[in-house]
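Observations on chain architecture
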Amino acid sequence: MTHKRSLIRTALLCALVAGAGLGLAPVDMAHAAAPMVKTSAPGFYRVMLGDFEITALSDGTVDLPVDQLLMKTTPKAVNKALAASFEKAPLETSVNAFLVNTGSKLVLIDTGAGTLFGPTLGKLLDSLKASGYQPDQVDEIILTHMHPDHVGGLIKDGKIAFPNAVVRADKRDADYWLAKTNLDKAAEADKGMFQGAMASLNPYVAAHQFKPFEGNTEIVPGIRAISTVGHTPGHASYVVESKGQKLMIWGDLVHVQAVQFDQPSVTIHFDSDPAKAEAERKAEFAKAAKQGYLVGAAHLAFPGLGHVRAKGHAYEWVPVNYTNIR
């Protein structure tokens, strides 16, 4: 047996020497390495809420100079808070939407930015399809508000992206953002906000597929609109409930996890009424911490689902644990 092993070793050595003589390259040479892909898969994340299926959908991310956008603080304080969370400005900020399958209705909450915010966004339709659904299956679209990064996905290549959906939003937001008189008198830097809302909503208005609601109201069984004005004149959040389990979709009540949970008084440049936005954020943080329900946020790191925990006079965000739904 020892003689046999010696013969095998000798044969292998001869093969290696022969290979070297033929110029054969070792398998770990650099030119044999696989090229980097540098792209992510479409993003979706799914959990159950009672009998309802909740799917978080990623529209992508956008870099925001939050050290310049956040108010009632300083750039130095913002950058310090970001660094403590291993982040920096500009902050790569998620844009999330949420799909609710109640068993009888397929309801999409917000639609992402479409083409209104550049090439790093506009991925919602790809995420929706990757999650197992098609745009023509969506029955209802409800908007937290009409900023471009929440309504742009309503349109694809200039046409209605969700042909069978009824679109709903608070009437106060519609009256504000879809009014040409408001566009005309807006500052030049703000006109794009109005133009984005009009371009996204007007095709649905023309097709009689836009139906605004007023204040706190039930949208479909199990989903209620709750007025949380301040970020915009008609900003709404949505309560989703099934079998005693509750999810609160916040929209833009919070933008920067590393700053605003520690300092809920910090507002953002985009708030129409900063004082009201601050009051709503503080109230919702307190409720979420006390009641322990699940929260969905448009701009917290994807999937934007988690819970709020009190931390002295401040709060902290606790992201959901990964689940393989079954």
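Residues numbered from 1 in each chain as written. Predicted model: local features only at pLDDT ≥ 70, side-chain atom pairs only at ≥ 80, totals over all residues. Heavy atoms only, no water.

Attention now goes to the packing of aromatic side chains. Counted under the stated rule, the structure contains nine aromatic pairs. With centroids separated by 4.7 Å and ring planes inclined at 45°, the aromatic side chains of W177 and F194 adopt a geometry described as tilted. Of this pair, W177 sits in helix α6 (residues 171-177) while F194 sits in helix α8 (residues 191-206), placing them 17 residues apart in sequence. The buried category is assigned to F194, whose relative accessible area is 3%. Ring-pair connections join several aromatic residues into one group, and the members of that group are W250, F261, F285, Y315 and W317. (Phe/Tyr/Trp six-rings, centres within 6.5 Å; stacked < 30°, edge-to-face > 60°. Helix = DSSP H or I, 4+ residues; strand = E, 2+ residues; numbered from the N terminus. Buried < 20%, exposed > 50% of the residue type's maximum accessible area, 1.4 Å probe, protein only.)

For the rest of this paragraph, the subject is the sheet that holds strand β13 (residues 245-251). By definition, the strands of a sheet pair up through backbone hydrogen bonds, in either a parallel or an antiparallel sense. Pairing within the open sheet is mixed, and its seven strands lie in the order β10-β11-β12-β13-β15-β16-β17. Edge positions in the sheet fall to β10 (217-220) and β17 (314-319), since each has one partner strand and no second. Recorded for the sheet is a direction-independent mean angle of 35° between the axes of neighbouring strands. Where β10 meets strand β11 (residues 223-227), three bridges bridge the pair, whose relative direction is antiparallel. What sits directly across from E218, in β11, is R224. (Pairing = 2+ DSSP bridges. Axes fitted to C-alpha atoms, helices over the stretch in contact; angles between N-to-C directions.)

Opposite charge on two side chains lets them pair, provided their charged atoms get close. Within the structure shown, the criterion is met by twelve salt bridges. A salt bridge links K243 to D51, with the nearest nitrogen and oxygen atoms 3.5 Å apart. Here K243, found in the loop between β12 (236-242) and β13, pairs with D51, found in the loop between β1 (44-49) and β2 (52-64); they are 192 residues apart in sequence, far enough to count as distant. Taking the shortest distance from any N to any O, the salt bridge between R168 and E140 comes out at 2.7 Å. Here R168 is found in strand β9 (residues 166-168), whereas its partner E140 is found in strand β6 (residues 140-142), with 28 residues between them in sequence. Via salt bridges that share partners, K72, E278 and K282 belong to a single interconnected network. (Salt bridge = Lys/Arg side-chain N within 4 Å of Asp/Glu carboxyl O.)

In spatial order, the strands read β1-β2-β4-β5-β6-β9; together these six strands make up an open sheet with mixed pairing. Two strands close off the open sheet at either side, each with one partner strand: β1 and β9. Neighbour-to-neighbour, the strand axes of the sheet open up by a mean angle of 25°, direction not taken into account. Alignment of β6 against β9, held across three bridges, turns out to be parallel. Counted as the bridge partner of I141 is V167 from β9.

This paragraph deals with the pairing of strand β15 (residues 294-297). On a regular strand, each side chain points to the face opposite its neighbour's, so the side chains alternate between the two faces of the sheet. Across the two faces of β15 the burial is the same, with L294 and G296 and V295 and A297 all buried. When β13 meets β15, the two strands line up parallel, connected through four bridges. Paired with G251 across the two strands is A297, which belongs to β15. Sheet analysis places β15 next to strand β16 (residues 305-311), joined by two bridges and oriented antiparallel. Residue pairing in the sheet places G296 in a bridge with L305 of β16.

Ranked by internal contacts, the top residues of the largest apolar core, which has 32 residues, are L108, I141, M146, L154 and F162. Those elements that provide at least two residues to this core are β4 (91-101), β5 (106-109), α4 (124-130), α6 and α8. It is α8 that provides the largest number of residues to this core, a total of six residues. Not counting chain neighbours up to four residues away, the residues in contact with F162 comprise L108, T111, L124, L125, L128, P135, V138, I141, G153, L154, Y204 and Q209. Among the nonpolar cores identified, the runner-up in size contains 23 residues, and I54, A56, I223 and I249 belong to it. (Core = buried A, V, L, I, M, F, W, Y, C linked by side-chain atoms within 4.5 Å. Contact = heavy atoms within 4.5 Å.)

A word on the confidence of the model for the protein. Looking at the protein as a whole, the pLDDT averages 92, with 90% of positions reaching at least 70. Per-residue pLDDT stays below 50 along residues 1-25; that stretch engages in two contacts with residues further than four places along the chain or on separate chains. (pLDDT = per-residue confidence, 0-100.)

Burial of β5 is two-sided: the residues L106 and L108 facing one way and the residues V107 and I109 facing the other way are all buried. The hairpin formed by β4 and β5 contains four residues between the paired strands, and G103 there has a positive phi angle of roughly 100°. With three bridges joining them, β5 and β6 adopt parallel strand pairing. Paired with L108 across the strands is I141, a residue of β6. Handedness of the crossover is the feature at issue here: the chain leaves β5, passes through α4, returns alongside β6, and the resulting connection is right-handed. (Right-handed = clockwise from strand over helix to strand, strands pointing away.)

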